[in-house]
Amino acid sequence: MDLYYNGQAIFDDTHFNDHLESEIPIQIYSKDEHEDIGFIDNFNNNFITVNNNNYNRECFTFISRPGY
């Protein structure tokens, strides 16, 4: 697993898989608005599932929050 720093944008499948497997929380933004924070439940090419909500990978920004 790569080391992630607090506030780092994540966007690649390997980033999401690392966060899923290592239970590193992520924060989700729509433009500059905070939408959610939590652990990845699942992901695919189109969506990231956090807290039972699906977030379109093209519409949201995902930020690493290790230690949150």
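Residues numbered from 1 in each chain as written. Predicted model: local features only at pLDDT ≥ 70, side-chain atom pairs only at ≥ 80, totals over all residues. Heavy atoms only, no water.

**Quick look at the overall build of the protein chain**
- Helix and strand counts for the protein chain come out as one helix and seven strands.
- Ordered by position from the N terminus, the helices and strands of the protein chain form the series β-α-β-β-β-β-β-β.
- The burial tally for the protein chain puts 37% of its 68 residues in the buried class.
- When contacts within the protein chain are restricted to residue pairs at least 6 apart in sequence, those whose partners lie at least 24 apart make up 44%.
- For the protein chain, the accessible area works out to roughly 4500 Å², and carbon and sulfur atoms hold 42% of it. (Helix = DSSP H or I, 4+ residues; strand = E, 2+ residues; numbered from the N terminus. Buried < 20%, exposed > 50% of the residue type's maximum accessible area, 1.4 Å probe, protein only. Contact = heavy atoms within 4.5 Å. Areas by Shrake-Rupley, 256 points an atom, 1.4 Å probe, with all protein chains shown as cover.)

**Quick look at the side chain of Arg 65**
- Following the sequence through the fold, Arg 65 ends up in the segment after β7 (61-64).
- We note that Arg 65 is buried and unpaired, the nearest opposite charge coming from Asp 32 at a distance of 11 Å.
- Within polar-contact distance, the side chain of Arg 65 engages the side chain of Asn 6 at 3.0 Å.
- Residues within four places of Arg 65 in sequence aside, it is in contact with Asn 6, Gly 7, Ile 24, Pro 25, Ile 26, Gln 27, Tyr 29 and Ile 37. (Lys, Arg positive; Asp, Glu negative; His and termini not counted. Salt bridge = Lys/Arg side-chain N within 4 Å of Asp/Glu carboxyl O. Polar contact = N/O pair within 3.5 Å; in protein donor to acceptor, adjacent residues only side chain to side chain.)

**As for unusual backbone geometry**
- Notably, Glu 23 is not glycine yet its phi reads approximately 55°, a positive angle.
- The exposed category is assigned to Glu 23, whose relative accessible area is 61%.
- Despite not being glycine, Lys 31 has its phi angle at roughly 60°, a positive value.
- Judged by relative accessible area, which is 76%, Lys 31 ranks as exposed.

Function cannot be read off these values alone, since they describe shape.
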